[in-house]
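Single-letter residue listing:
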Amino acid sequence: MALINVAAREIHGKIVYYGPGLSGKTTNLQYIHSRIPSNTKGELLSIETETERTLFFDFLPIDLGKVHGFTIRFHLYTVPGQVLYERTRVAVLNGADGVVFVADASRDRLPDNLQSLRELAQNLTAQGKRFLDYPLVMQYNKMDLPQSLPTPVLDRYINTVKVPRFEASAINGKGVFETLRAISKLVVNKL
Amino acid sequence: MSQFDPEISRMVVVEEDQAQISACLQRLMADSGASYSMVIDRAGQILASESDEVRPEMVHLGALIANTYASTQEMARILKEDGFKTLFQEGMKEKIFTETVRGRWLLVVIFDKQSQVGMVKVLARRSSAVLANILDLVERRSTEVNGPRFRQVGKATIDTIDLLFKDDGCSDDE
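Conventions adopted
Residues numbered from 1 in each chain as written. Chains lettered and ligands numbered in written order. Predicted model: local features only at pLDDT ≥ 70, side-chain atom pairs only at ≥ 80, totals over all residues. Heavy atoms only, no water. Contact = heavy atoms within 4.5 Å. Buried area = accessible area lost by both parts, 1.4 Å probe. Salt bridge = Lys/Arg side-chain N within 4 Å of Asp/Glu carboxyl O. Polar contact = N/O pair within 3.5 Å; in protein donor to acceptor, adjacent residues only side chain to side chain. Helix = DSSP H or I, 4+ residues; strand = E, 2+ residues; numbered from the N terminus. Nonpolar A, V, L, I, M, F, W, Y, C, P; charged D, E, K, R; others polar. Pairing = 2+ DSSP bridges. Axes fitted to C-alpha atoms, helices over the stretch in contact; angles between N-to-C directions. Parallel < 35°, antiparallel > 145°, perpendicular 65-115°, else oblique. Buried < 20%, exposed > 50% of the residue type's maximum accessible area, 1.4 Å probe, protein only.

1. A look at the interface of chain A and chain B
Line of reasoning, step 1. Contact residues are listed per partner, giving 59 residues for chain A and 50 residues for chain B.
Line of reasoning, step 2. For the pair chain A and chain B, the summed buried area comes to about 4,900 Å², and 61% of that belongs to carbon and sulfur atoms.
Line of reasoning, step 3. For Arg181(A), the salt bridge goes to Asp162(B), with nearest N and O atoms at 4.0 Å.
Line of reasoning, step 4. For the pair chain A and chain B, the interface holds 13 residue pairs in polar contact (both at pLDDT 80 or more).
Line of reasoning, step 5. Mapped onto the side of chain A that touches chain B, the elements with two or more residues apiece are β1 (2-5), β2 (10-18), α1 (25-35), β3 (45-48), β4 (54-67), β5 (70-78), α2 (86-93) and α5 (176-189) of chain A.
Line of reasoning, step 6. Residues of the side of chain A that touches chain B, tallied by class, amount to 31 nonpolar, 15 polar and 13 charged.
Line of reasoning, step 7. Taken together, the four bridges between β1(A) and strand β1 (residues 10-13) of chain B define a ladder with parallel strand orientation. In the sheet register, Ala2(A) faces β1(B), and the bridge partner there is Arg10(B).

Okay, structure coming up:
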């Protein structure tokens, strides 16, 4: 739920990067953190396992500056993708205003993408959200890898709800800001 | 505990609300001897805060507490409990006590050894009841607030998003 603080002249929104393990959610936030000006971002907070897999979440606050006297702030989160952490994903999803579903475009990860997407739909529905109306964009990550599925195939299997989707190679930054721009606009449109 | 209303997609806090919330936090701090207090929403966003001193990284603290609280609700679900209403962290120098406000917001109090834990808990519970009444009104009114002003802000924000989030971002050294 977006918070509009007229007294402090601030508008806050929460965006969550969701998807199966190792699909590149954290990589998205790391790239964003490395590229946006230092005066528009806070520290990237990561709570990881010893093997640098996300344990709880990554958190990056970004500041769009003042618009009509209001400071616009987005809080970007990732969820832990490993199957074990399903209930942690529910916790992080709490109060989100929009979701980026980061799919791993690799051929052998298609079942994992579908399972994660099903779980996302269930979790949003359980939180009283209408999945089909919810601000959601998809990112087909790792499209640079030879084993990646072609976009029309990913569209057919993953993007059955026909939300905006972007091809990406997050490690190189391709598609990262395109995705962020799209979800930010969807969230703002809900104000 | 009231249920989250998913149809409310925004919460609008105006000056009068802020003043009432701040007054409640100030009273809590004065009575308990706490050094910091804040009200955050379920997303970890700070609605209001009061502090004896400048404290950095409170945005990160808000995010951590909100997610920790959300995790404890999942723990409660597994144990078939209705929910856990408080969190408590105890450090060598400071302690953090968190009390839910209607299950929709969190009241966070930071205090040191000068304050008694029991006293903070009692006063936080009392403050939570006061805040619940204020925030219920804020929430109800948020559904009625006219949109054009925010739509105008929203339109300008979209232009800013295009400018700031260019395809390759825009680092300092560019």
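2. So, the sheet that holds strand β5 (residues 94-101) of chain B
Residues and elements named next belong to chain B.
Line of reasoning, step 1. On the basis of which strands lie adjacent, the open sheet formed by five strands has the order β3-β2-β6-β5-β4 and antiparallel pairing. Two strands in the sheet have a free side with no partner beyond their single neighbour: β3 (46-51) and β4 (86-90). Averaged over all neighbouring strand pairs, the angle between strand axes comes to 10°, with direction disregarded.
Line of reasoning, step 2. Of the strand pairs in this sheet, strand β2 (residues 36-41) and β3 are connected by five bridges, and their pairing is antiparallel. Bridging from a neighbouring strand, Tyr36 pairs with Ser51 of β3.
Line of reasoning, step 3. Packing of helix α3 (residues 117-142) onto the sheet brings it into contact with β2, β3, β4, β5 and β6 (105-112), and relative to β5 it is tilted by some 40°.

3. A word on the packing of α1(A) against α5(A)
Residues and elements named next belong to chain A.
Line of reasoning, step 1. Here α1 crosses α5 at 95°, and the two axes come no closer than 10 Å. In terms of their interaxial angle, α1 and α5 are classed as roughly perpendicular. Judged by residue contacts, Asn28, Tyr31, Ile32 and Arg35 of α1 engage Val176, Phe177 and Leu180 from α5.
Line of reasoning, step 2. For the contact of α1 with α5, the residue count by class is five nonpolar, one polar and one charged.

4. Observations regarding unusual backbone geometry
Residue and element names in this part refer to chain A.
Line of reasoning, step 1. A positive phi is found at Glu52, a non-glycine position, where the angle reads about 60°.
Line of reasoning, step 2. One can find Glu52 in the loop between β3 and β4.
Line of reasoning, step 3. When its relative accessible area of 63% is taken as the criterion, Glu52 is described as exposed.
Line of reasoning, step 4. At Lys142, a position not held by glycine, the phi torsion is positive, near 70°.
Line of reasoning, step 5. Judged by relative accessible area, Lys142 falls into the partly exposed class, the value being 22%.

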